[in-house]
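Here is what each chain is made of, one letter per residue.
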Amino acid sequence: MTEKMRTLGLLRHGKARADHGEGDFARALKGHGRRQILHMARVLCEAAPPQRLLVSTAQRTRETAQILLEEFAGAVQVEHLDALYLASPQTLLECIARVPDNVQRVLVVGHNPGLSELAQSLLWPERLADLPTGSLVELDTGLGWSQLVRGGGRLRRWLDPDEMDLS
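Presented here is an overview of the structure given in this document.

Calculation rules
- Residues numbered from 1 in each chain as written.
- Predicted model: local features only at pLDDT ≥ 70, side-chain atom pairs only at ≥ 80, totals over all residues.
- Heavy atoms only, no water.
- Pairing = 2+ DSSP bridges.
- Helix = DSSP H or I, 4+ residues; strand = E, 2+ residues; numbered from the N terminus.
- Axes fitted to C-alpha atoms, helices over the stretch in contact; angles between N-to-C directions.
- Contact = heavy atoms within 4.5 Å.
- Phe/Tyr/Trp six-rings, centres within 6.5 Å; stacked < 30°, edge-to-face > 60°.
- Buried < 20%, exposed > 50% of the residue type's maximum accessible area, 1.4 Å probe, protein only.
- Right-handed = clockwise from strand over helix to strand, strands pointing away.

**Some details on the sheet that holds strand 2 (residues 52-56)**
Thinking step 1. Strands sit in the order 3-2-4-1-5-6 across an open sheet of six strands; the sheet is mixed. Where the open sheet ends on each side, the last strands, each with one partner, are strand 3 (77-81) and strand 6 (154-159). Averaged over all neighbouring strand pairs, the angle between strand axes comes to 15 degrees, with direction disregarded.
Thinking step 2. The pairing of strand 5 (residues 136-141) with strand 6 spans five bridges and is classified as antiparallel. Directly across from Leu139, in strand 6, lies its bridge partner Leu155.
Thinking step 3. Where helix 2 (residues 59-71) meets the sheet, it contacts strand 1 (6-12), strand 2, strand 3 and strand 4 (105-110), and its direction lies at approximately 155 degrees from that of strand 2.

**Concerning the packing of aromatic side chains**
Each aromatic ring pair is summarised here by two numbers: the centre-to-centre distance and the angle between the ring planes.
Thinking step 1. For the structure on display, the rule yields one aromatic pair.
Thinking step 2. Here the aromatic rings of Phe25 and Tyr85 are separated by 4.9 Å at their centres, their planes lie at 85 degrees, and the arrangement is edge-to-face. One end of the pair, Phe25, is in the loop between strand 1 and helix 1 (31-46); the other, Tyr85, is in the loop between strand 3 and helix 3 (89-97), with 60 residues separating them in the sequence.
Thinking step 3. Exposure remark for Phe25: the relative accessible area of 36% places this residue in the partly exposed category.

**Some remarks on the pairing of strand 3**
Thinking step 1. Alignment of strand 2 against strand 3, held across five bridges, turns out to be parallel. Across the sheet, residue Leu53 finds its bridge partner in strand 3, namely Val78.
Thinking step 2. The β-α-β motif built from strand 2, the intervening helix 2 and the parallel element strand 3 has right-handed crossover chirality.

**Observations regarding unusual backbone geometry**
Thinking step 1. Here the amide bond leading from Asn112 into Pro113 is cis, since omega sits at 5 degrees, within 30 degrees of zero.
Thinking step 2. Examined against the element boundaries, Pro113 turns out to sit in the loop between strand 4 and helix 4 (114-123).
Thinking step 3. Residue Pro125 follows Trp124 across a cis peptide bond; omega there is 10 degrees.
Thinking step 4. Relative to the helices and strands, Pro125 is located in the loop between helix 4 and strand 5.
Thinking step 5. At Leu86, a position not held by glycine, the phi torsion is positive, near 55 degrees.
Thinking step 6. Examined against the element boundaries, Leu86 turns out to sit in the loop between strand 3 and helix 3.
Thinking step 7. The class of Leu86 is partly exposed, set by a relative accessible area of 45%.

Shown next as structure tokens:
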């Protein structure tokens, strides 16, 4: 029996405002961050958009997810998870592991350093730079979501919106 190929996207939230006393969790996106994510949403729509979004409950990640959802056509199931706020790679994997294997495309909207560290682990021994704000790493895997392990992914694409034309 041939395993189905699955695609995991790791999207770091868009550029956020500085903390002016509201606390890190409540920081909102800047205008530039909104443009970054709108561009990434359009890029994701050129291929097949995700079927499931796993989103940190921080303000900037919820805003990032809202921009994505406004661009995606069709039904996308969204889970807002407190555990994804500043999550470690292990916590990220635990959240991803709960996705049913019949879901082929998952996008995690979260934070560094966890997202970058998870990408490094799944793509090992390949090396990537840390994910800047608004950037996306997509990897393919033949493993089930609960079976993801170090080296279990293959890089599909790595996109940094600040290196792209956002017009």
